[in-house]
Amino acid sequence: MDMHIMVLGGIGLLILLVAWLPLVIKRLPLSLPIVCIAVGYGLARLMGDAAPSPLAHPGILETVTEIAVIISLAGAGLRLDRKIGIKRWANTWRLLGITMPLTIVMVVLVGFFLLGLPLETALLLGAVIAPTDPVLASDVQVGPPRSGPEDEVRFALTSEAGLNDGLAFPFTYLAIAVATHATLFDTWNWHWLGMDVVWRIGIGVAAGWGMGRLLGALTFRSGKLSLASTGQGFVALGGTFLSYAGAEMLHGYGFIAVFVAALTLRGEEDKHDYHVRLADFSEEIEKLLMMAMLVFLGAAMAGTALDGVNGLIVMAAVATVFLIRPLTGMIGLVGTAMPWHERCVVSVFGIRGIGSFYYLAYALNQADFGQAETAWTVVSLIVLISVVFHGMSAGPLMVLMDRKNRHRA
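Definitions and cut-offs
Residues numbered from 1 in each chain as written. Predicted model: local features only at pLDDT ≥ 70, side-chain atom pairs only at ≥ 80, totals over all residues. Heavy atoms only, no water. Helix = DSSP H or I, 4+ residues; strand = E, 2+ residues; numbered from the N terminus. Rg over C-alpha atoms; globule rule 2.2 N^0.38 Å. Buried < 20%, exposed > 50% of the residue type's maximum accessible area, 1.4 Å probe, protein only. Contact = heavy atoms within 4.5 Å. Areas by Shrake-Rupley, 256 points an atom, 1.4 Å probe, with all protein chains shown as cover. Lys, Arg positive; Asp, Glu negative; His and termini not counted. Charge placed at Lys NZ, Arg CZ, Asp CG, Glu CD. 1 Å grid on protein atoms, 1.4 Å probe; cavity = no way out; pocket = protein on both sides within 12 Å on 5 of 7 lines; lining within 4 Å. Points joined across faces, edges and corners; volume = space filled by probe spheres on them. Core = buried A, V, L, I, M, F, W, Y, C linked by side-chain atoms within 4.5 Å. Phe/Tyr/Trp six-rings, centres within 6.5 Å; stacked < 30°, edge-to-face > 60°. Patch = residues over 30% accessible without salt bridge, like charges linked within 9 Å, V, L, I, M, F, W, Y side chains within 5 Å. Salt bridge = Lys/Arg side-chain N within 4 Å of Asp/Glu carboxyl O. Expected span 1.5 Å × (residues − 1). Bend = angle between axes of the 7 residues up to and from the residue. Polar contact = N/O pair within 3.5 Å; in protein donor to acceptor, adjacent residues only side chain to side chain.

### Quick look at the overall build of the chain
- Secondary structure summary: the chain contains 15 helices and 0 strands in total.
- In summary, the chain has a C-alpha radius of gyration of 21 Å against a globular reference of 22 Å for 409 residues, a match within 12%.
- Every one of the 409 residues in the chain was classed for burial, and the buried ones make up 53%.
- Once local pairs closer than 6 in sequence are excluded, the contacts in the chain between residues at least 24 apart make up 82%.
- Summing over all exposed atoms, the chain offers an accessible surface of approximately 17900 Å²; the carbon and sulfur share of this is 69%.
- If the 26 positive side-chain charges of the chain are averaged to one point and the 29 negative ones to another, these points end up 13 Å apart.

Structure (structure tokens):
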């Protein structure tokens, strides 16, 4: 039988599994990402030496993960009912301004002193591990638009995941600059600060807001020619790609632009049913891409992705998931009105995933980093631990939290 026939059949089967498996595992301490990794691992074992390696085709990996992340960012923005504001998003700003930088610093220290990575690689490791992944965090995020009040835990995790993927880029560029110039402090620091921090973030926000307003006008205020009148969910995909491309052409951060555009669009005619259609379509595409990426990750686990694992790498991965993120999360939320048990949930569920692979592939395609193989191994193990632990614990812990909150009310 031709290989492409087998591939098409396998893709069809996996797509059906994405729709069907959540019904089967609903009452089990499992998640769809765990099952996808297991499927990929099993298939790779059957393939033997043909198991894929993330180092073999970094360009393809970068492109696929890039698409997966921007679609998930758009979906996150489209699901948020709460309008942006200083007080309304107070916990989000804390997670972005305190928790994320602290996480980067602590991971850099672990990479440099524990793993013995070069400074530029340790910086890169901190940058790629810091963001909370929007692709894998659906079990702890808000529901569809207008599905009811957004509790603070789900809102904080969704909004954090929507913005910190873009905010990891300045630190990724910092690692690339150190690798390129072989020094941490030099005249290039001013270019990094002015261009990679101030300009790119500012343009990302501005382009996203402008595109969101334009899409809002085309979608809801164009009379009989309005996009909402079509009822087509794939409009979300078009808006996502346009927002991303527009910001990137202006040398801004497309990740930030996509989330801001989706959030701005969500605020336009916020009672309109079409928002639900857009969010549902984004979620369906997101799940399909997630499935493909995690099957690949599972296959890579059976191949060479974890070949370099040793005791120190295990210590670094475990510390990142179970110590660094929970600790920095709790520090970031000190003094908030959020109850203690909710702070714990937000701090623990800093899920790492597809975004980390994107940033790692992007940086390694831009510059030469020492011990790049070790960085791949560490990130792969961290993502694997995160997928398994958070996938098994998300359902039961969120149920317990909701039950406790109902009793308090």
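On we go from here.
### Let's talk about empty space enclosed by the protein
- Taken as a whole and assessed by the stated rule, the structure comprises 4 cavities of 30 Å³ or more.
- Of the volumes computed, that of the largest cavity is approximately 100 Å³.
- Lining the largest cavity, in full, are Ala-74, Leu-78, Leu-215, Val-235, Ala-236, Gly-239, Thr-240, Ser-243, Val-258, Ala-261, Ala-262 and Leu-265.
- Elements supplying a minimum of two residues to the lining of the largest cavity: α3 (58-79), α9 (235-249) and α10 (254-266).
- With 5 residues, α9 is the largest single contributor of residues to the lining of the largest cavity.
- Size it by volume and the second largest cavity reaches roughly 80 Å³.
- Contributions of two or more residues to the lining of the second largest cavity are made by α11 (274-302) and α14 (354-366).
- The dominant element in the lining of the second largest cavity, judged by the number of residues it contributes, is α11, at 5 residues.

### A short note on the nonpolar core
- Leu-124, Leu-125, Phe-169, Phe-255, Leu-360, Phe-369 and Val-379 are the most contacted members of the largest nonpolar core, which has 96 residues in total.
- No other element matches α11, which puts 11 residues into this core.
- Core analysis: the second largest hydrophobic core is formed by 13 residues, Ala-156, Met-338, Val-345 and Phe-349 among them.

### A word on unusual backbone geometry
- Its identity as a non-glycine residue notwithstanding, His-251 has a phi of 65 degrees, on the positive side.
- Within the fold, His-251 resides in the loop between α9 and α10.
- Positive phi outside glycine occurs at Gln-371, with the angle close to 55 degrees.
- Mapped onto the elements of the fold, Gln-371 is located in the loop between α14 and α15 (372-408).
- Overall, Gln-371 belongs to the partly exposed group, its relative accessible area being 36%.

### Quick look at the packing of aromatic side chains
- A complete count under the given rule lists 20 aromatic pairs for this structure.
- Between Tyr-358 and Tyr-359 the ring centres are 5.4 Å apart and the planes differ by 65 degrees, which places this aromatic pair in the edge-to-face class.
- Relative to Tyr-362, the ring of Tyr-358 has its centre 6.0 Å away and its plane inclined at 35 degrees; by these criteria the two rings are tilted. Of this pair, Tyr-358 and Tyr-362 both sit in helix α14, 4 residues apart, which is roughly one turn of the helix. In this structure, Tyr-358 and Tyr-362 share a single accessibility class: buried.
- Three or more aromatic residues link up through ring pairs in this structure, and these residues are Phe-169, Tyr-173, Tyr-244, Tyr-253, Phe-255, Tyr-358, Tyr-359 and Tyr-362.

### A closer look at a nonpolar patch on the surface
- Side chains of Ile-5, Leu-8, Ile-11, Ile-15 and Leu-288 sit close together on the surface and give an oily, nonpolar patch of about 400 Å² of accessible area.
- As for its placement among the helices and strands, Ile-11 is situated in helix α1 (residues 3-24).

### Considering helix α7 (residues 169-181)
- In a regular helix each residue adds 1.5 Å, so 13 residues correspond to 18 Å; α7 covers 18 Å between its end C-alpha atoms and thus fits that length.
- In terms of burial, α7 is largely enclosed, as 10 of its 13 residues are buried.
- Listed in full, the buried residues belonging to α7 are Phe-169, Pro-170, Thr-172, Tyr-173, Leu-174, Ala-175, Ile-176, Ala-177, Val-178 and Ala-179.
- Ala-182 lies just past α7 and shows a positive phi near 60 degrees.

### What to know about helix α12 (residues 311-332)
- The terminal C-alpha atoms of α12 lie 30 Å apart, and with 22 residues this matches the ideal 32 Å at 1.5 Å per residue to within 8%.
- The largest bend along α12 measures about 45 degrees and falls at Thr-320.
- Buried residues of α12: Ile-313, Ala-316, Ala-317, Thr-320, Val-321, Ile-324, Arg-325, Pro-326, Thr-328, Gly-329, Met-330 and Gly-332, and no others.
- The N-capping residue of α12, defined by a side-chain oxygen 3.1 Å from the backbone nitrogen of Leu-312, is Asn-310.

### Observations concerning the pattern of salt bridges
- Tallied over the full model, the rule gives 8 salt bridges.
- Between Asp-196 and Arg-200 there is a salt bridge, with the nearest N and O atoms lying 2.9 Å from each other. Linking Asp-196 with Arg-200, this pair stays in helix α8 (residues 188-220), spanning 4 residues, or about one helical turn. The residues Asp-196 and Arg-200 share a single accessibility class, namely buried.
- Connected through shared salt-bridge partners, Arg-213, Arg-221 and Glu-268 make up one network.

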